[in-house]
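Structural characterization, general
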Amino acid sequence: MATAPAEVALTFSEQLAMGDGSIRVLDPSGSRADDGPVRDRSADGKVAYSVALRTGLPNGTYTVAWQAVSADSHPISGAFTFSIGAPSATTVALPDGTAGDGAVGLLYDIARYLSYAGFVLLCGAAAFVLVCWPRGASVRSMQRLVARSWVALTAATLAMLMLRVPYTGSGELADVFDLGGLQDVLETKTGAALVSRLLLLGAAALFVAVLFGAYAQRIRRPDVPGPDGEPVPDARREDLAFGLTVGGAVVSAGIAATWAFSEHASTGIQTGLAIPLDVLHLLAVAGWLGGLAALLTALYREPSLEPSAVRRFSDVAFVCVVVLAVTGIYQSWRQVGSWSALTETSYGRLLLAKVALVAVLVAVARFSRRWTARLEQTPTVPGPQHSPECERCAEARAAEESQGTGTGDAPAAARPGADAGADAGADAGSDADADADAGSGHDPVRSAQLARQRAAVASTARRKARDSDPVRSGLRRSVLVEAGIAAVVLAVTTALTATEPARTEETAGRSATTAGASSAPSSAGSRGPAEVEIPFDTGGPGGRGTIRLGLGPASPGPNDLRLRVTGPDGGPLDVPEVRVSLTLPAQQIGPLPVALVKSVPGQWRADAVPIPMPGDWQVKVTVRTSDIDQTSVDENVKIG
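About the criteria used
Residues numbered from 1 in each chain as written. Predicted model: local features only at pLDDT ≥ 70, side-chain atom pairs only at ≥ 80, totals over all residues. Heavy atoms only, no water. Helix = DSSP H or I, 4+ residues; strand = E, 2+ residues; numbered from the N terminus. Buried < 20%, exposed > 50% of the residue type's maximum accessible area, 1.4 Å probe, protein only. Contact = heavy atoms within 4.5 Å. Areas by Shrake-Rupley, 256 points an atom, 1.4 Å probe, with all protein chains shown as cover. Pairing = 2+ DSSP bridges. Polar contact = N/O pair within 3.5 Å; in protein donor to acceptor, adjacent residues only side chain to side chain. Arc of directions from axis to C-beta. Patch = residues over 30% accessible without salt bridge, like charges linked within 9 Å, V, L, I, M, F, W, Y side chains within 5 Å. Salt bridge = Lys/Arg side-chain N within 4 Å of Asp/Glu carboxyl O. Lys, Arg positive; Asp, Glu negative; His and termini not counted. Charge placed at Lys NZ, Arg CZ, Asp CG, Glu CD. Disulfide = S-S within 2.5 Å. Expected span 1.5 Å × (residues − 1). Axes fitted to C-alpha atoms, helices over the stretch in contact; angles between N-to-C directions. Left-handed = near helix turned anticlockwise from the far one by under 90°. pLDDT = per-residue confidence, 0-100. Parallel < 35°, antiparallel > 145°, perpendicular 65-115°, else oblique. Phe/Tyr/Trp six-rings, centres within 6.5 Å; stacked < 30°, edge-to-face > 60°.

Things to note about the overall build of the protein chain
- Assigned secondary structure in the protein chain consists of 15 helices and 18 strands.
- Looking at the protein chain residue by residue over its 640 residues, the buried ones come to 46%.
- Summarising the internal contacts of the protein chain: among those between residues at least 6 apart in sequence, 69% fall at separations of at least 24.
- Total accessible area on the protein chain stands at roughly 30,400 Å², and carbon and sulfur atoms take up 59% of it.

Structure (structure tokens):
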């Protein structure tokens, strides 16, 4: 360009966020040439940001480096150069890295993975207990799984919130403690989503407390026989189960929505449909994979897991897979857009890998369903469960023996903790009783030790009975393979959420190719200014006239726009308001509003209007001749 511009303005094709320092302009020596904060110039559907330049800039080559956060929460960056007068040598090197790289990016990706895994385990395991295995609410291994998943999700969300400042900014780990930057993050869509997730996790903590507290106590109580001798269900327990199911579904959907409203589903086409379907997709993932982890835990820790619970989960998993298939196909079409993008973009290749893994997972699940059908024909492993009440039973036995109540003389098979169906456990228990009768007397310490030994012997006997069942062993192995594949699927999903959608990447590449192909003929010779005349009639008194518009040099880059409004007699017509916008329909760019400045009555101008690429641009002019009389007219202008 011949003279130094007053500012540098960047126009984007989608919504994003920029803060102070997001646009830097460096002169040939590497010193800052920008002056002042970044200004948001977005209006009428155009996304634009600008920064003012210092006055009196000398000739030479200048570098513009920018960094922003896209609408789906990913950090993006770029750089380009421009020259004032003749190009010159510059000491500034264009950045070759990608925003979000480095140690901070790695830590953020780990936290992102843990947050997904925590959500899947928390919601899936809780749903497994409520829907498939209510007795699991009193089982220690289930309680630990749900509690630890809540801790993992909460810690990962906090880590993502703290890492957000360096992840989208400097990339320096020390900026984790930048409270000013954290305040800026809280004002973004992603920051609001993370804070909302933390608040919902507070509600989830209350849900977990009730599930493993009041509800577990109700589950332990046997049903009271009715007048006809049949057990009557506990009404209070049924009410708790209904309330937990509804409340858990609401909280789970809310947590899932914090991803849907801040990531890929919230941008692009059909967001009104994509967001609720993304919530359903996440809930189906949690119901299937999280329930799978809960089933695996129960199969390894609880030998007497009822076959009916496994069958119920198998039915639930089938429904989840159907929901996943429907929502996944829609989201894939929405984010990919074309068959070629599946192989030519990073997002498409990752999506293909995920589809292949899910197909393998479904194939393995078929074997699990076969084992489940065979399990229903196998008797349940006898004996109490490894749950909190078992430990309380052992403590009660120890207390009774220390008081001489005769508990030590009871047969081993009749005590809680013994395995009446396992000969090894019964024999070992009898030996322990004999030892107790022979030498323990009423020593409370020795009695407590013997009680713990009997509980350990009974647990060992149950494990032996469990391992001796080929059907349960086969189901455990099949579910273990499923869980391993599911962990890899979650890793690929995490990578997908951090990758630019294929539709966006392919469109950007196609636009760049078109611009590059047209740049050679444009540089060979300038077409000169484009001029058009557009008649208009607003319908009111004095509402007829002609718009004479000139745009030069009519090539990609900065263009000067001049506009005159004349009346029927050819003289200047001083109208109250004129607005101009530019649209490139072929590339779905615009409308880009033009900021006009009134120079003299009937004449307006705009300097350095940015036109990003060549093509047939539509110039739309809106003229208002009175408070109520207004019209819009348009004409095409060839650029490049």
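Some remarks on the pairing of strand E15 (residues 597–600)
- In this structure, E15 lies alongside strand E16 (residues 603–611), joined through 3 bridges in antiparallel fashion. Across the sheet, Val597 pairs through a bridge with Arg605, a residue of E16.
- The antiparallel pairing of E15 with E16 creates a hairpin that spans 2 residues between the two strands, and Gly602 there sits at a positive phi of about 85°.

Concerning the side chain of Thr345
- Checked against the element boundaries, Thr345 lands in the loop between helix H9 (340–344) and helix H10 (346–375).
- The buried category is assigned to Thr345, whose relative accessible area is 3%.
- A distance of 3.1 Å separates the side chain of Thr345 from the backbone nitrogen of Gly348, its partner in a polar contact.

Looking at the sheet that holds strand E5 (residues 47–52)
- Taken in spatial order, the 3 strands line up as E1-E5-E4 in an open sheet, and their pairing is antiparallel. Lying at the two open borders of the sheet, with one neighbouring strand each, are strand E1 (7–12) and strand E4 (39–40).
- In this structure, E1 lies alongside E5, joined through 6 bridges in antiparallel fashion. Pairing of Glu7 across the sheet is with Ala52, part of E5.

Looking at helix H3 (residues 179–186)
- Listed in full, the buried residues belonging to H3 are Gly181, Leu182 and Val185. Along the axis of H3, the buried residues cluster in a sector spanning 105°; they form a single face. Opposite its buried face, H3 presents the exposed residues Leu179 and Gln183, each directed more than 90 degrees away.
- Considering only its buried residues, H3 is in contact with helix H2 (140–168) and helix H4 (189–212).

Things to note about a negative patch on the surface
- Residues Asp20, Asp178, Asp184 and Glu187 make up a contiguous surface patch of negative charge.
- Examined against the element boundaries, Asp178 turns out to sit in the loop between H2 and H3.

Let's talk about the state of the cysteines
- All told, the structure shown has 0 disulfides when counted by the stated rule.
- With no disulfide of its own, Cys132 lies 9.2 Å from the sulfur of Cys320, the closest cysteine sulfur.

Topic: the pattern of salt bridges
- Evaluation of the coordinates by the stated rule reveals 15 salt bridges.
- Residue Arg548 pairs with Glu533 through a salt bridge whose shortest N-O separation is 3.3 Å. Here Arg548, found in strand E11 (residues 544–552), pairs with Glu533, found in strand E10 (residues 530–537); they are 15 residues apart in sequence, far enough to count as distant.
- You can call Arg548 partly exposed: its relative accessible area is 26%.
- Owing to a relative accessible area of 52%, Glu533 belongs among the exposed residues under this scheme.

What to know about the side chain of Ser83
- Mapped onto the secondary structure, Ser83 falls in strand E7 (residues 75–84).
- Taking relative accessible area as the criterion, Ser83 reaches 18% and is therefore assigned buried.
- Side chain to side chain, Ser83 and Thr61 meet in a polar contact 3.1 Å long.
- Those residues in contact with Ser83 that lie beyond four places of it in its chain are Met1, Gly60 and Thr61.

Comments concerning helix H7 (residues 271–301)
- Taking 1.5 Å of rise per residue, the 31 residues of H7 would be expected to cover 45 Å, and the 43 Å separating its terminal C-alpha atoms lies within 8% of that figure.
- Within H7, 22 of the 31 residues are buried, leaving the element largely enclosed by the surrounding structure.

Structural notes on the sheet that holds strand E12 (residues 557–566)
- Spatially, E10-E11-E12-E16-E15 is the arrangement adopted by the 5 strands of the open sheet, whose pairing is antiparallel. The open sheet has two edge strands, E10 and E15, and neither has a second partner. Between one strand axis and the next, the sheet turns through 25° on average, direction left out of account.
- By the bridge criterion, 7 bridges tie E11 to E12 in an arrangement that is antiparallel. Along E12, the bridge assignment pairs Leu551 with Leu561.

Describing the packing of H7 against helix H8 (residues 307–336)
- Orientation of H7 relative to H8, taken along the N-to-C sense of each, is 145°, at an axis distance of 8 Å. Judged by the twist between their axes, the crossing of H7 over H8 is left-handed.

Quick notes on the confidence of the model for the protein chain
- For the protein chain, per-residue confidence averages 79 on the pLDDT scale, and 81% of positions sit at 70 or higher.
- Here residues 381–440 scores under 50 on pLDDT; set against residues more than four positions off or in separate chains, the count is 100 contacts.
- This stretch, residues 509–527, has a pLDDT under 50; its non-local contacts, to residues over four places away or in other chains, come to 12 contacts.

What about the environment of Ser314?
- For Ser314, the position within the fold is in helix H8.
- A polar contact is formed between the side chain of Ser314 and the side chain of Arg369, at a distance of 2.7 Å.

Considerations on the packing of helix H1 (residues 102–132) against helix H14 (residues 470–497)
- In the contact formed by H1 and H14, the axes pass within 10 Å of each other and the chain directions differ by 125°. Taken as axis vectors, H1 and H14 run oblique relative to one another. For the pair H1 and H14, the sense of crossing is right-handed. Listed contacts from H14 to Asp109, Arg112, Tyr113, Tyr116, Ala117 and Val120 of H1 are Ala487, Leu490, Ala491, Thr494 and Thr497.

Brief notes about the packing of aromatic side chains
- The full count for this structure, using the stated rule, is 8 aromatic pairs.
- On the numbers, 4.0 Å between centres and 10° between planes, the contact of Tyr108 with Tyr167 is stacked. A residue pair is termed long-range when its members are at least 10 positions apart, and Tyr108 in helix H1 and Tyr167 in helix H2 qualify at 59 residues. Here the two residues Tyr108 and Tyr167 agree in accessibility, since each one is buried.
- Ring pairing ties together the aromatic residues Tyr116, Phe119 and Trp259, which thus form one cluster.

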